[in-house]
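# Results of the structural survey
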Amino acid sequence: MLTHLNEKNLPTMVDVGHKDATKRIAIASGIITMSKEAYTAIKENTGKKGPVLQTAVIAAIMGAKRTSDLIPMCHPLMINSVDINIEDIENLPGFKLIAKVATQGKTGVEMEALTSVSIGLLTIYDMIKAIDKSMIISDIALESKSGGKSGEYRRENGSNL
């Protein structure tokens, strides 16, 4: 039986009440590729909408906090921390956004980390699309997670945040 369907085959939110609260951490990442002109505008802070990377960090944090409002079966979580890092990838050109989300709870924060990355990258796109509408968001992936019943997971060739 699937965990998000009840005995009548209707959607249900999994009961995590019986689980022990443990420290849980998830790290996700993704990439946005763009034109040299868009990359330069971001690096030189000449975009018309303001500081792109700083705004993307704030958006990524907000995305982690609002995940349960966006993904139907996600539990609202008390998040302890969200750490965002953005790496330049000049030879693409583009950026890699990495989100590390932590909680002390009964369910993991993988979806919060993945949502954080997605919202951060979409914010970069939104803020610089006047220069380059052909940007590509790609490679959004869970890099690692720890805590909970399923234990440790680390994607091969993953991020080091």
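Here goes a summary of the coordinates provided. (Residues numbered from 1 in each chain as written. Predicted model: local features only at pLDDT ≥ 70, side-chain atom pairs only at ≥ 80, totals over all residues. Heavy atoms only, no water.)

With their axes 7 Å apart at the nearest point, helix α2 (residues 52–65) and helix α4 (residues 110–128) run at an angle of 145° to one another. Once α2 is placed against α4, the crossing between them reads as right-handed. Across from V52, L53, T55, A56, A59, A60, I61, G63 and A64 in α2, the residues of α4 making contact are E112, T115, S116, I119, G120, T123, I124, M127 and I128. Of the residues that constitute the contact of α2 with α4, the class distribution is 11 nonpolar, six polar and one charged. (Axes fitted to C-alpha atoms, helices over the stretch in contact; angles between N-to-C directions. Helix = DSSP H or I, 4+ residues; strand = E, 2+ residues; numbered from the N terminus. Left-handed = near helix turned anticlockwise from the far one by under 90°. Contact = heavy atoms within 4.5 Å. Nonpolar A, V, L, I, M, F, W, Y, C, P; charged D, E, K, R; others polar.)

The subject of this paragraph is the sheet that holds strand β4 (residues 136–146). Taken together, the five strands give an open sheet; going across it, the order is β2-β3-β1-β4-β5, and neighbouring strands pair in antiparallel fashion. Two strands close off the open sheet at either side, each with one partner strand: β2 (79–89) and β5 (153–154). Sheet analysis places strand β1 (residues 22–33) next to strand β3 (residues 94–105), joined by 12 bridges and oriented antiparallel. Bridge pairing in β3 places T33 opposite G94. Of the strands in this sheet, β2 and β3 are in contact with helix α1 (residues 36–43), which crosses β3 at around 55°. Across the sheet, α2 lies against β2 and β3, angled at about 145° from β2, the strand it touches most. (Pairing = 2+ DSSP bridges.)

Here we come to the side chain of T103. Its location among the elements puts T103 in strand β3. Among the residues examined, T103 registers a relative accessible area of 2% and is labelled buried. A polar atom in the side chain of T103 sits 2.5 Å from the backbone oxygen of M78. Setting aside residues up to four positions removed in sequence, T103 forms contacts with T22, K23, R24, M78, I79, N80 and V109. (Buried < 20%, exposed > 50% of the residue type's maximum accessible area, 1.4 Å probe, protein only. Polar contact = N/O pair within 3.5 Å; in protein donor to acceptor, adjacent residues only side chain to side chain.)

This brings us to the side chain of T67. Tracing the backbone through its elements, the reader meets T67 in helix α3 (residues 67–70). Separated by 2.9 Å, the side chain of T67 and the backbone oxygen of G63 make a polar contact. What T67 contacts, discounting residues up to four positions off in sequence, is C74, M111, E112 and T115.

Next up on the list: unusual backbone geometry. Of note, the amide linkage connecting L92 to P93 takes the cis form, showing an omega dihedral of -5°. Following the sequence through the fold, P93 ends up in the loop between β2 and β3. Not every positive phi belongs to a glycine, and D139 is a case in point at roughly 55°.

Looking now at the nonpolar core. With 30 residues, the main nonpolar core has M34, I42, F95 and I124 as its most contacted residues. Elements with a contribution of two residues or more to this core: β1, α1, α2, β2, β3 and α4. When residues in this core are grouped by element, the largest group, six residues, is from α4. With residues up to four places along the chain from it excluded, the contact list for M34 reads Y39, I42, P93, G94, F95, I124, D132 and M135. (Core = buried A, V, L, I, M, F, W, Y, C linked by side-chain atoms within 4.5 Å.)

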